[in-house]
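Listed below, chain by chain, are the residues.
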Amino acid sequence: MQKSTSVHELIVPRWIVPIEPAGVVLEGHAIAIDETGTVLAVLPVADMRERYVAQQETHLPDHVVTPGLFNLHTHAAMTLLRGLGDDLPLMEWLTTRIWPAETALLSKEFVAAGTRLACLEMLRGGTTCFSDMYFFPDAAGSAAREIGIRAHLGITVIDLPTAGGSDADDYLDRGLALYDRLRNEPLLSFAFAPHAPYTISDATFDRISMLMGQTGLPMQIHLHETEDEIRREVAEHGIRPAMRLERLGLMGPSLTAVHAVHLDDREVAMFADRGVSIAHCPASNLKLASGIPRIAPYLDAGINLGIGTDGTASNNRLDMPSEMRLAALLAKGASGRADVFGAHQVLHAATLAGAKACGLDERIGSIVAGKQADLAAFDLSALDYNPIFDVASHLIFVAGREAVTDVWVAGKAVVRKRQFMSDGARAAEGRGASDIALWQNRMRSQLDAR
Ligand SMILES: [Zn+2]
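Residues numbered from 1 in each chain as written. Predicted model: local features only at pLDDT ≥ 70, side-chain atom pairs only at ≥ 80, totals over all residues.

A. Representation of the packing of helix α3 (residues 108–124) against helix α4 (residues 137–147). Contact pair α3 / α4: the axes reach a minimum separation of 8 Å and the direction vectors enclose 40 degrees. Two packed elements cross with a definite hand, and for α3 against α4 that hand is right-handed. Across the interface between the two elements, Lys-108, Val-111, Ala-112, Thr-115, Arg-116, Cys-119 and Leu-120 from α3 touch Ala-139, Ala-140, Ser-142, Ala-143, Ala-144 and Ile-147 from α4. A breakdown of the residues in the contact of α3 with α4 according to their chemical character gives 9 nonpolar, 2 polar and 2 charged. (Axes fitted to C-alpha atoms, helices over the stretch in contact; angles between N-to-C directions. Helix = DSSP H or I, 4+ residues; strand = E, 2+ residues; numbered from the N terminus. Left-handed = near helix turned anticlockwise from the far one by under 90°. Contact = placed C-beta atoms within 7 Å. Nonpolar A, V, L, I, M, F, W, Y, C, P; charged D, E, K, R; others polar.)

Below is the structure:
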């Protein structure tokens, strides 16, 4: 390597938690990013200066840099329904609040405005990729590209007509056309996202299964969220939902089960054996009183477990740092084992495990040479954050999303010193308040008219 090799940017933080190798905190190291947004090297600062000349150096003397956080499950556009129908159980919340509001308001414009707001909130809090399940994924994808965040777009399917599609085949046909058009967009990736077993027929599952074989796309679905859902499915199909998916040949490494709050021991073993991932959404599960999943046996079985916020109507934040803290606390409290879900394991869940669930772990999820530079910097200088004995543990139990100062997506600084850098993000921020007022007023007049 020649001494004068030029790199696009050198990031020099106090600490780096690269996720790979596991359990490591690097001090006195730097990250070199090349012109294509790829991590070129992670090396001690002195070695880095020997080898490279940086066009730009970013010094972060009180910061820890991690891979950008991966929100494994959300409904981004629902930011416009934030806090609608609090304190209701899942089915009543869906049928009396969320679905009527969506019936009245759902459109491309609604999804674009809501997703823009979600992208801003997530980026500010260190999230650089989100797996989305919502209608009009074309509008969500445009919003994400505009702002400069990575999006894993669900081709969302439900056996109900909405403004987003007339039936399951229509949702799938539109989604596939979108996939064909945008499959090479660098910040976008795709998945099939059937809503839940109770809203999807066997025939629709069969078509999705065939399309997964043809396209190689993964699948994400709400599964075993509540005991009530399982009871209803047993009454209708004679078997529990996960066993129904097993019978349909869908339990495999391409599947991410969202929630998986209620799994019996046999199902835990089946998930592990088939390589099914879980998107754990602790705040949503608590808020909708769905239950507390038994994270300890899931991890003991070796299940790939990522973390998601779910939508803002059931959370009501898109706040991955607070979700990590809650996930860690719940796993310990529910198992009676303080050693369960340690800090490095939680960080892995919120980064690389999410990427793996979506088939993106070759590209993102850890800070290693050859991967895309999707990064988040947390400033740990505040008095409230000190003293610091264990940086990884601090990221889980002390630092909130307010600590995030700088965020890169594919090597591009999208947030610097808490300010948005891209034109798209600035424009979205500028129009955010008027977007919210517009849609809140529309919803109020729709609800008044009912
Ligand atoms: Zn959800």
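B. Representation of the domain arrangement of the protein. Here the protein is described as being made up of domain 1 (5–67 + 371–417) and domain 2 (69–357). Each of domain 1 and domain 2 has a C-alpha centre, and the two are 29 Å apart. Contact with domain 1, which involves 24 residues of that partner, is made by 25 residues of domain 2. Counting residues per element, the ones that place at least two in the side of domain 1 that touches domain 2 are β7 (57–67), α14 (391–397), β17 (404–409) and β18 (412–416). Here the side of domain 1 that touches domain 2 gets 5 residues from one element, more than from any other, and that element is α14. (Domains from an automatic or database assignment.)

C. View of the nonpolar core. Core analysis: the largest hydrophobic core is formed by 142 residues, its most contacted members being Ile-31, Ala-32, Cys-119, Ala-140, Val-157 and Val-346. Of the residues forming this core, the biggest block, 10 residues, is contributed by α3. Viewed by domain, this core spans two of them, domain 1 (5–67 + 371–417) and domain 2 (69–357), each represented by three or more residues. (Core = buried A, V, L, I, M, F, W, Y, C linked by C-beta atoms within 7 Å. Buried ≥ 20, exposed ≤ 12 C-beta atoms within 10 Å, placed from the backbone.)

D. Fine view of the pairing of strand β16 (residues 375–379). In terms of residue burial, β16 counts as a mostly covered element, since 5 of its 5 residues are buried. Judged by which residues are buried, β16 turns out to be covered on both faces: Leu-375, Ala-377 and Asp-379 on one side and Ala-376 and Phe-378 on the other are all buried. Where β7 lies against β16, 5 bridges are found, and the strand directions are antiparallel. Pairing of Pro-67 across the sheet is with Leu-375, part of β16. Inspection of the sheet shows β16 paired to β17 by 4 bridges, in the antiparallel sense. By the bridge assignment for β17, Ala-376 is matched with Val-407. (Pairing = 2+ DSSP bridges.)

E. Just unusual backbone geometry, in detail. Note that the residue after Glu-20, namely Pro-21, is joined by a cis bond; omega there is -5 degrees. Relative to the helices and strands, Pro-21 resides in the loop between β2 (9–16) and β3 (26–27). For the bond running from Asn-315 to Asn-316, omega is 5 degrees, close enough to zero to count as cis. In this structure, Ile-19 takes a positive phi of about 75 degrees despite not being glycine. For Ile-19, the position within the fold is in the loop between β2 and β3. Backbone geometry at Ala-260 places phi at a positive 45 degrees, although glycine is not the residue there. For Ala-260, the location among the structural elements is in the loop between β13 (255–259) and α9 (265–274). By C-beta crowding, Ala-260 is classed as buried, having 28 other C-beta atoms within 10 Å.

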